[in-house]
Amino acid sequence: MAEAETKSIDQATIEMIEKAASDGANTVFDRAEAMKPCPIGAEGSCCSICAMGPCRVPLPRGKEETPEEKRKRRGVCGATVETIAARNFVRKIAAGTASHGDHGRVMARFFLAVAKGEAPGYQIKDEQKLLQLALELGVNIGDRSNEEIAVDVAQLLIAEFGKQEGELLFLKRAPLKRQELWRKLGVAPRGIDIEVVEAMHRTHMGTDQEYRDLLNNGVKVALADGWGGSMIATEIQDVIFGTPVPVLSQINLGVLKEDEVNIIIHGHEPQLVEMMAIVAQDHEMIEYAKSKGAKGINLAGMCCTANEMLMRHGVPIAGNFLQQELVIVTGAVEAMVVDVQCIMQGLVDTANCYHTKVITTDPRAKIQGATHMEFSEHNAFESAKAIITAAVDNFVNRGKNVRIPDNKTDMIAGFSHETINYLLGGLFRASYRPLNDNIINGRIRGVAGVVGCNNPRVVHDSGNLAMVKELIKNDVLVLQTGCMAMASAKAGLMVPEAAAEYAGEGLASVCEAVGIPPVLHLGACIDNTRILIAATAMVKDGGLGDDISDLPVAGAAPEWMSEKALAIGHYFVGSGVFTVFGVNWPTIGSKEVTDYLFKDFEEIYGGKWAFEPDPIKAAHLMIEHIDKKRKALGIDKARERVLYDMEMRRELEAV
Ligand code: XCC
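Not measured: the values here are computed from a predicted model. (Residues numbered from 1 in each chain as written. Predicted model: local features only at pLDDT ≥ 70, side-chain atom pairs only at ≥ 80, totals over all residues. Heavy atoms only, no water.)

Caption draft 1: Layout of the packing of aromatic side chains. Here the structure, examined in full by the defined rule, presents 15 aromatic pairs. The interplanar angle of 85° and the centroid separation of 5.8 Å between the aromatic rings of Tyr211 and Tyr596 together place this pair among those described as edge-to-face. With Tyr211 in helix H10 (residues 211–241) and Tyr596 in helix H25 (residues 591–605), this pair connects stretches of sequence that are 385 residues apart. For the pair Tyr211 and Tyr596, one class covers both residues: buried. Centroid distance Trp560 to Phe581: 5.4 Å. Interplanar angle 50°. Geometry classified as tilted. With a gap of 21 residues between them, Trp560 in the loop between strand S14 (553–557) and helix H24 (563–574) and Phe581 in strand S15 (residues 578–581) connect regions that are remote in the sequence. The class for Trp560 is buried, based on a relative accessible area of 6%. Members of the aromatic cluster, each reached through a chain of ring pairs, are Phe89, Trp560, Phe581, Trp585, Phe598 and Trp609. (Phe/Tyr/Trp six-rings, centres within 6.5 Å; stacked < 30°, edge-to-face > 60°. Helix = DSSP H or I, 4+ residues; strand = E, 2+ residues; numbered from the N terminus. Buried < 20%, exposed > 50% of the residue type's maximum accessible area, 1.4 Å probe, protein only.)

Here it is, written out as structure tokens:
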């Protein structure tokens, strides 16, 4: 096997890893090989939060530890290995929550600017969703204009970040039983900022040193992400840019165009790229590109910015997280335009081997060696135009060393909660009833969210693909976001025809009747909140218990790498979902901490964590959990009895 084939299962990626090697360009794959992970840090046993250390308290290798040895395994301050592992874990969750929260805050402020007419070029696209939000938040509608209503909604949402008392408003969206549990446990978050600040304080040297307390506080912070910062971001983006509906597009490096100016948009926040999509189609801009010898301007996405633009505009995706440097290696990219999160600093080094300009646009995320062209929503059109002009001007510098892989795959995205509700809802009204019915009758065994990043510590895309195929083969409907959604799309799982090829008979019959793929793309990482909302809608529709923890559902991130992924995982667990991660597990250095998360949490929250690096085994942990929930609901028999006679098929088709 060629070496590159041991690093990815994606052909375009393999081809570009090889090209990078022959061009002398350094990528994440080379660096991952040269830099082995620190084993002590990987298991959560390194404490670097004060200058008496860093203290290393690793598990003893190759022998059983005596209680006396365990007692002595402490940091200089006396912190136990449990405290150290739990503190490290909660700090990561706080960082993930802070990242999603800061995105949500920027969106909320942007929303206010749009509502006040201070962001020319942007309008409210989804009036329906605005009005629903206003009703939910108790904002007076009357005969006020959308803009007046939006000002009030925006101000309420901005206040969610600095709220000192009370609870986050969106907690009320959760099933009642869940809300009561959070209150009883004292983990219902106040403001988003305050929870992050408190977590940073608790994990400071010499503060909270009871690992269970730390981990439960971690739930509070994580809930401030899932039911707070992330959910606010998703809601506002839908209101301003439109709630996604199914859209056909393409994915992989083959979406680049040899004869056009290729611009990659990479990061997470969509306000700049929304404007870039408009400017790239501007007649004057296209004429300008032609004057430089290009036939047009081709925008393509990377990471979650890609998901945002795909979901709402069908802008093609060039690739997922581990492909960000490789897209430059094609030699065909004029500009890599980045905002925040998941942007490798290595991009600049890779770009130095080609003509690509790396352009940072956000005041919070500059990169040494990149060109900074700050985006302002107050003159968005001009900002976007300046950036695209810089890219067009760079077309003449494109060298001869260009190779664009042929690979590109069709995909359908745009499955917001509203769309699922509508599509599955049949002829008369939108609801989750048919989904619940098909779960109860066993055609659909359960629902799984498979989300998260890529990680060069595992073969690129392989964990996702193995897991997702195993799940759908076993009649589990899969919902995806982030870079894992892209992995499935590249492999052709996000088209309706995939149902007949890969799904079990029951799931395939439902997908065929409704005309959906067996694997649904719900958007960017912040859109994991759509999964929370979908799960809640399933509970509210009835027949599947009265809490999220009763549902036959499970979550996974087989190739995770970012702190945001841990925040997401922890809010799913705290919302009652069994969640399994691959790659490595960051508290493995402490048996107590790991057992608490993997076992005791289920008693407390009805959801728990698991770690299983083998994606097939992980899929079966999820299926076992789904079956356990089916049994508890008394619907396990229905599944055994499913026989597909003509009448049932007709009934299904009438859905
Ligand atoms: Fe991808 Fe969101 Fe992970 Fe970053 S974090 S690598 S999923 S782009 Ni969300």
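Having seen the structure, we can now continue with the description.
Caption draft 2: Structural view of the site of the ligand. In the region of the ligand, the neighbouring residues are His268, Cys303, Cys304, Phe321, Cys342, Gly452, Cys453, Cys483, Cys525, Met561, Ser562 and Lys564. Residue classes in the shell around the ligand are distributed as 8 nonpolar, 3 polar and 1 charged. (Near = heavy atom within 4 Å. Nonpolar A, V, L, I, M, F, W, Y, C, P; charged D, E, K, R; others polar.)

Caption draft 3: Structural view of the nonpolar core. In this structure, Phe111, Val153, Leu215, Ile263, Met276, Leu471 and Met622 are the most contacted members of the largest nonpolar core, which totals 177 residues. Per element, the largest residue contribution to this core is 16 residues, and it comes from H10. When sequence neighbours within four positions are dropped, the list of residues in contact with Leu471 reads Ala448, Val450, Val476, Val478, Ala619, Met622 and Ile623. Counting residues in hydrophobic clusters, the runner-up holds 39 residues, among them Ala4, Ala318, Val333 and Ile343. (Core = buried A, V, L, I, M, F, W, Y, C linked by side-chain atoms within 4.5 Å. Contact = heavy atoms within 4.5 Å.)

Caption draft 4: The arrangement of the sheet that holds strand S16 (residues 609–611) in detail. What the 6 strands build is an open sheet, ordered S13-S12-S11-S14-S15-S16; its pairing is parallel. Each edge of the sheet is formed by a strand with only one pairing partner; in this case those strands are strand S13 (519–523) and S16. With direction set aside, neighbouring strand axes in the sheet form an average angle of 25°. In this sheet, S15 lies alongside S14 in parallel orientation, the contact comprising 4 bridges. Residue pairing in the sheet places Ala557 in a bridge with Phe581 of S15. Contacts from helix H26 (residues 615–633) reach strand S11 (446–450), strand S12 (476–481), S14 and S15 within the one sheet, and its direction differs from that of S15 by about 175°. (Pairing = 2+ DSSP bridges. Axes fitted to C-alpha atoms, helices over the stretch in contact; angles between N-to-C directions.)

Scope: geometric values only; no functional claims are made or implied.
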